[in-house]
Amino acid sequence: MPAFAADDGTELAYHVVGEGEPLLCLPGGPMRASAYLGDLGGLSRHRQLVLLDLRGTGDSAIPADPATYRCDRQVSDVEALRRHLGLEHIDVLAHSAAGDLALLYAAGHPERVRSLTLITARARALGVDFTEEHRREAAALRSAEPWFAATRVSFEAFLAGTATDADWDAIAPYFYGRWDEAAQAHAALDVAQSNDKAGEIYASPGAFEPATTCAAIAALPAPVLLMAGELDSGPRPRVATAIARLFRHAEVAVQPGAGHFPWLDDPDHFARTVNAFLA
C-alpha cells in the first residue's frame with residue numbers, strides 16, 4: 001500500500017487501480033474511505049485511478065490535530081499527493097462531499113488542475129447547498145418503488161435532522177438508482193468505512209468562503225464535467241446545471257436512472273461518459 005507524508009507529518013495512504021494516465025480520485029461521505037469507489041464502474045480500464053484515503057479514514061493515519069479534518073485544511077493533502085506522484089498537472093475526480101475539497105483545491109491551485117470531474121458532487125464551497133425542496137422532489141420520483149411507503153417516517157426524520165441510525169438504514173434506497181443486491185452490499189459498508197467524528201468537522205464553520213472561491217473558479221481554465229443522477233437529490237440535475245454556469249468551461253451529464261452512486265447503477269454508461277470527457 002503506497003503512502004506519503006502530509007505537510008503536518010500525517011501519513012496518508014492511497015490505492016492504485018488500473019493502468020494509464022493517472023486520475024486522482026477524492027472520496028466523499030464526508031470522510032468515507034476510498035474503498036467504496038471501487039474501480040468506478042470499470043473506469044480503471046481507461047485510466048489509472050489514484051484513490052486517496054483522506055486523513056483518519058481507510059489506511060490513512062489519524063492526525064494529531066482533529067481540526068485538520070476541516071475541508072479547507074485538507075487542500076494541502078491533495079497538493080502533497082500531487083507532489084508525491086511527481087505530476088505537474090493532475091486530472092481530479094471528486095464524489096459527493098469531496099466536491100467541496102476538489103473545488104477548494106482547484107481554486108487554490110488552478111495551474112495544477114488539468115481537468116475537474118465532479119460526480120453527484122456537493123458545492124457548499126460555492127455557496128450552493130441541497131435543500132428540502134430538492135430532497136422531496138427526488139423522493140417523489142421513487143413513489144412507485146416497493147420500499148417507498150415503509151421509509152416515509154424515516155425520510156421525514158432525515159429532513160428534520162432527527163434521524164437515528166435505524167432511520168439512516170431505512171432511507172438508504174433513496175441514494176441508489178436500483179435497490180438491488182449490489183446496492184445493499186455497498187450501503188452495508190458505509191458505517192465501517194466512515195469516520196463520523198471527522199465528518200462532523202469537515203464542513204464546520206470557517207471551512208468555506210463562497211465569494212472568494214466563486215471568483216477563483218470563474219477564472220479556472222480547466223474543463224469541468226458535472227455528472228448528476230436523474231434520481232439523485234444532491235444535486236438535482238437542474239442544480240448541477242446552475243453550478244456549471246459558475247465555471248468558464250463546464251458541461252453537465254445527467255445519467256438516466258441513476259442515484260448518488262451512478263457507477264453502480266449503470267457502470268458502462270458511467271465509465272463511457274467520464275472517459276469521453278477525459279479523452
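As the structure is a computational prediction, the values presented were derived from the model and not from experiment.

Engineer: Is there a simple way to think about helix H3 (residues 132-140) in this case?
Structural biologist: Since the α-helix advances by 3.6 residues per turn, residues separated by three or four positions end up pointing in the same direction. Every buried residue belonging to H3 is among His134, Ala138 and Ala139, and all of these are buried. Down the axis of H3, the buried set is contained in an arc of 130°. They therefore lie on one face.

Engineer: Would you take a moment to explain the side chain of Arg142 for this structure?
Structural biologist: Position of Arg142 among the secondary structure elements: in the loop between H3 and helix H4 (152-160). Looking at Arg142, its side chain comes within polar contact range of the main-chain oxygen of Tyr176, at 2.8 Å. If sequence neighbours within four positions are ignored, Arg142 has contacts with Trp147, Phe148, Pro173, Tyr174, Tyr176, Gly177 and Leu231.

Engineer: Which parts of the structure should I look at to understand empty space enclosed by the protein?
Structural biologist: With the rule as written, the count across this model stands at 2 cavities of 30 Å³ or more. Its volume calculated, the largest cavity comes out at about 110 Å³. Looking at the lining of the largest cavity, the elements with two or more residues in it are H3 and H4. Ranked by the residues each element gives to the lining of the largest cavity, the list is headed by H3, at 3 residues. Reported here for the second largest cavity is a volume of approximately 50 Å³. Leu118, Thr120, Ala121, Arg122, Ala123, Leu226, Met227, Pro235, Ala240 and Ile243 are the residues that line the second largest cavity.

What counts, and at which threshold
- Residues numbered from 1 in each chain as written.
- Predicted model: local features only at pLDDT ≥ 70, side-chain atom pairs only at ≥ 80, totals over all residues.
- Heavy atoms only, no water.
- Buried < 20%, exposed > 50% of the residue type's maximum accessible area, 1.4 Å probe, protein only.
- Helix = DSSP H or I, 4+ residues; strand = E, 2+ residues; numbered from the N terminus.
- Arc of directions from axis to C-beta.
- Polar contact = N/O pair within 3.5 Å; in protein donor to acceptor, adjacent residues only side chain to side chain.
- Contact = heavy atoms within 4.5 Å.
- 1 Å grid on protein atoms, 1.4 Å probe; cavity = no way out; pocket = protein on both sides within 12 Å on 5 of 7 lines; lining within 4 Å.
- Points joined across faces, edges and corners; volume = space filled by probe spheres on them.

As far as function goes, none of this settles anything; it's purely spatial.
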